[in-house]
Amino acid sequence: MTPPLIIAIDGPAASGKSTIGKRIAERLGYLFFDTGVMYRAVTWMALQSGIDLHDEGALTRLAEETPIEVAPASRFDGRVCDVLVGGRDITWETRRPEVDSHVSLVSSYSGVRRALSAQQRRIGLRGCVVMAGRDIGTVVLPEADLKVYLDASAEERARRRYVELVARGEPADYQTILTAVLERDRIDSTRAVAPLRPADDAVIINTDGLTADQVFDRVWALCQDDPP
Ligand code: DC
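The following refers to the structure shown.

1. A closer look at the sheet that holds strand β4 (residues 81–85)
With antiparallel pairing, three strands are arranged side by side in an open sheet as β3-β4-β5. The sheet is open, and its two borders are formed by β3 (68–72) and β5 (88–89), each paired with just one other strand. When β4 meets β5, the two strands line up antiparallel, connected through two bridges. Bridging from a neighbouring strand, Leu84 pairs with Asp89 of β5.

2. Things to note about the pattern of salt bridges
For side chains of opposite charge, pairing can occur when their charged atoms come near one another. As enumerated under the stated definition, the model contains 20 salt bridges in all. Close ionic contact of Glu26 with Lys22 constitutes a salt bridge, the shortest N to O distance being 3.5 Å. Here Lys22 and Glu26 lie together in helix α1 (residues 17–28), a separation of four residues that amounts to about one turn. Here Asp77 and Arg79 are joined by a salt bridge, their closest N and O atoms 2.8 Å apart. Members of the salt-bridge network, linked through shared partners, are Asp77, Arg79, Asp82 and Asp89.

3. With respect to the packing of helix α2 (residues 36–49) against helix α3 (residues 56–65)
Where α2 meets α3, the axes come as close as 10 Å, and the angle between the chain directions of the two elements is 120°. By the criterion of interaxial angle, the relationship of α2 to α3 is oblique. Here the hand of the crossing between α2 and α3 comes out right-handed. From α2, Val42, Met45 and Ala46 reach across to α3, where they touch Leu59, Leu62 and Ala63. In terms of residue class, the contact of α2 with α3 is made up of six nonpolar, no polar and no charged.

4. Side note on the pairing of β4
Of all the five residues making up β4, five are buried; the element is thus mostly covered by neighbouring parts of the structure. Relative to β4, β3 is paired through five bridges, and the arrangement is antiparallel. Pairing of Val70 across the sheet is with Val83, part of β4. Once β4 ends, the chain turns through two residues before running back antiparallel as β5, passing Gly86 with a positive phi of about 55°.

The rules behind each value
Residues numbered from 1 in each chain as written. Predicted model: local features only at pLDDT ≥ 70, side-chain atom pairs only at ≥ 80, totals over all residues. Heavy atoms only, no water. Pairing = 2+ DSSP bridges. Helix = DSSP H or I, 4+ residues; strand = E, 2+ residues; numbered from the N terminus. Salt bridge = Lys/Arg side-chain N within 4 Å of Asp/Glu carboxyl O. Axes fitted to C-alpha atoms, helices over the stretch in contact; angles between N-to-C directions. Parallel < 35°, antiparallel > 145°, perpendicular 65-115°, else oblique. Left-handed = near helix turned anticlockwise from the far one by under 90°. Contact = heavy atoms within 4.5 Å. Nonpolar A, V, L, I, M, F, W, Y, C, P; charged D, E, K, R; others polar. Buried < 20%, exposed > 50% of the residue type's maximum accessible area, 1.4 Å probe, protein only.

Have a look at this one:
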């Protein structure tokens, strides 16, 4: 069997795209590319430089002009990949709560999406890639050989985020996380450009009640053209 050359994994915040995507990529010897980190990098840059987050033109220029480098993880500190801007490692900065709460707004701008999707598409078309995001199967790589859409209830996703933060020793409040997850779902799925939705030919997996190993097994079976 020949595994799919281009694999798209989409789904809402904290649905397990990175955990599963990274493992699938490792098993296949593929590149794992988490596209959310690019939107996070632009958001963090904008907050750092004091750019008005409602200024779509300024954010589009920032997305067009900032060279964002996404590289395989160089440290075993829980990261999925390295995120570098101008040679500076901003991996953990992009995970800060202030980025979490503004990234959906920044990623709703069509100019920002145009700039970042073009870079993502170039990388994806090289093949041997697992790309995770919200619009990979619908917009960035509609020709992907396998499209998976990972879903889970907001409560389950908030619980997973909560456990993750506690494990990293960071302050966490379940109710606050749940409210933020619901708000990001709302913005991501109702925006005008490339809203979050499964592609017509995506395999939808509801991960509620499944362990990460069980989700991995299902996706792996799809990679072997052996649906569970
Ligand atoms: O997957 P994540 O939580 O790191 O994504 C951060 C934000 O980026 C998310 O709120 C929506 C946006 N995003 C997007 O619009 N399109 C993508 N392909 C990836 C992420």
